[in-house]
Amino acid sequence: MFDKHADSLFILMRTIYTMSKKGRVMKKMFNKIKHSMWGGIWFLKPPDDVSLDGYRIDHVIHYTDTVITIFFGIVVLALLYFIIRYRDRPNHKAVYDRGDKKKYIVITVILGFLVFLSIDAVIETMSFKDLKEAFWNFPKDEDVVRVEVMPQQYAWNIRYAGADGKFATDDDIVSPQNQMHIPVNTPVVVQMAPYDVIHSFYIPNFRIKQDATPGMITTFWFQAVKEGEYEIACAELCGNGHYRMRGILTVESKEKFQGWLNELALEAQDTGEWDDWLSDDSGSDVGIPQGWGWPWNKEM
Ligand SMILES: [Cu+2]
């Protein structure tokens, strides 16, 4: 008799324990969802934004997410309403309706305009404002770091102007493949042209994604506000080795950046050949193009 009571007591305690544990797990899950929604209504936390103007892109995405979620909710509610309101039931006769009465046409046009004005028009306005104020508003001051980027199957080639400040000259500095360094709090202007096919220069932490199109030199700019190492990815499926196009963008102080450039310049003087110290790029079938680079396109 006592045993039986002990047993039920044990089962009860175990149940309470499991439930409380489950409760904690549920709470944890809930907190996680709440936390990830904090940055908008994304369920995944976006990468840290470490750029001057990345917040603009985030705003457009958050706005889009919010408005389309509202419209989605309205559509689902309307569907539910009509499903219940016009369901099949005794003594209910279905009536055929072409929906071409003036009233319906007016409602449809108004709804269409509502969608167009609250989604398309607003996003378009936000985007053009951002382009004008930031992304197409290239820095005019002298304190700018210029970089030439030439993606190829399957690596990133990065070039700096060197001491003379001019590209396509002997003192250009070419960094080891897939390694880009920039100074913090300084505008970086990039000119990019691919060696072979279409690639796309993507730095998620900066909200920058720019296609590299054969036959074109594309210019874009960004500015880092936080030091650190960030990922460069190719965002255009460019062939079998597409996944290998992973680069590292190092953001460091101006002094460190200058030091890194000087070191590369010295190394190049020692070997007399830019790409010698890349030849041990093990297992890579990347043929590094010789003598790439172009005089900086001032028109941009
Ligand atoms: Cu690529």
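Residues numbered from 1 in each chain as written. Predicted model: local features only at pLDDT ≥ 70, side-chain atom pairs only at ≥ 80, totals over all residues.

**Details of the overall build of the chain**
- A tally of helices and strands in the chain yields four helices and 10 strands.
- Secondary structure of the chain in N-to-C order comes out as α-α-α-β-β-β-β-β-β-β-β-β-β-α.
- When the 300 residues of the chain are sorted by exposure, 18% land in the buried category.
- Long-range pairs, those at least 24 residues apart, make up 69% of the contacts in the chain between residues at least 6 apart in sequence. (Helix = DSSP H or I, 4+ residues; strand = E, 2+ residues; numbered from the N terminus. Buried ≥ 20, exposed ≤ 12 C-beta atoms within 10 Å, placed from the backbone. Contact = placed C-beta atoms within 7 Å.)

**Observations concerning the pairing of strand β7 (residues 208–212)**
- The pairing of strand β6 (residues 199–203) with β7 spans five bridges and is antiparallel. Residue pairing in the sheet places Phe201 in a bridge with Gln210 of β7.
- Connecting β6 to the antiparallel partner β7 that follows it, the hairpin turn spans four residues, and Arg207 within it adopts a positive phi of roughly 60 degrees. (Pairing = 2+ DSSP bridges.)

**Looking at the sheet that holds strand β10 (residues 246–252)**
- Strand order in the open sheet made by the five strands is β4-β10-β9-β6-β7, with mixed pairing throughout. The open sheet terminates on both sides in strands that have one partner only, identified here as β4 (179–183) and β7. Neighbour-to-neighbour, the strand axes of the sheet open up by a mean angle of 25 degrees, direction not taken into account.
- Where β6 lies against strand β9 (residues 228–234), two bridges are found, and the strand directions are antiparallel. Looking at β9, one finds that Phe201 is bridged to Cys234. (Axes fitted to C-alpha atoms, helices over the stretch in contact; angles between N-to-C directions.)

**Re helix α3 (residues 102–135)**
- In this model α3 runs 46 Å from its N-terminal to its C-terminal C-alpha over 34 residues, within 8% of the 50 Å that 1.5 Å per residue would give.
- Taken as a whole, α3 carries its principal kink of about 30 degrees at Leu117.
- Within α3, only zero of the 34 residues are buried, which leaves it mostly out in the open. (Expected span 1.5 Å × (residues − 1). Bend = angle between axes of the 7 residues up to and from the residue.)

**Points about unusual backbone geometry**
- Note the cis peptide between Gln153 and Tyr154, where omega equals 0 degrees.
- Turning to its location among the elements, Tyr154 is positioned in the loop between β1 (145–152) and β2 (155–160).
- Its identity as a non-glycine residue notwithstanding, Asn178 has a phi of 70 degrees, on the positive side.
- By the element assignment, Asn178 lies in the loop between β3 (173–174) and β4.

**A word on the sheet that holds β2**
- Taken together, the five strands give an open sheet; going across it, the order is β3-β2-β1-β5-β8, and neighbouring strands pair in mixed fashion. Looking along the sheet, the strands with just one partner apiece sit at the ends: β3 and β8 (218–223).
- Two elements, strand β5 (residues 187–192) and β8, share six bridges in a ladder whose sense is antiparallel. For Gln191, the partnering residue across the bridge sits in β8 and is Thr219.

**Quick look at the nonpolar core**
- One finds Val149, Trp156, Ile182, Val188, Ile203, Ile232 and Leu249 to be the most contacted residues of the largest nonpolar core, which totals 29 residues.
- Leave out the neighbours within four places in its chain, and Val149 touches Trp156, Ile158, Val190, Met192 and Phe201. (Core = buried A, V, L, I, M, F, W, Y, C linked by C-beta atoms within 7 Å.)

**Re helix α2 (residues 54–85)**
- Along its 32 residues, α2 runs 47 Å from first to last C-alpha, staying within 8% of the 46 Å computed at 1.5 Å per residue.
- For α2, every residue scored as buried is listed here: Gly54, Arg56 and Ile57.
- Residues of α2 that are buried in the fold lie against α3.

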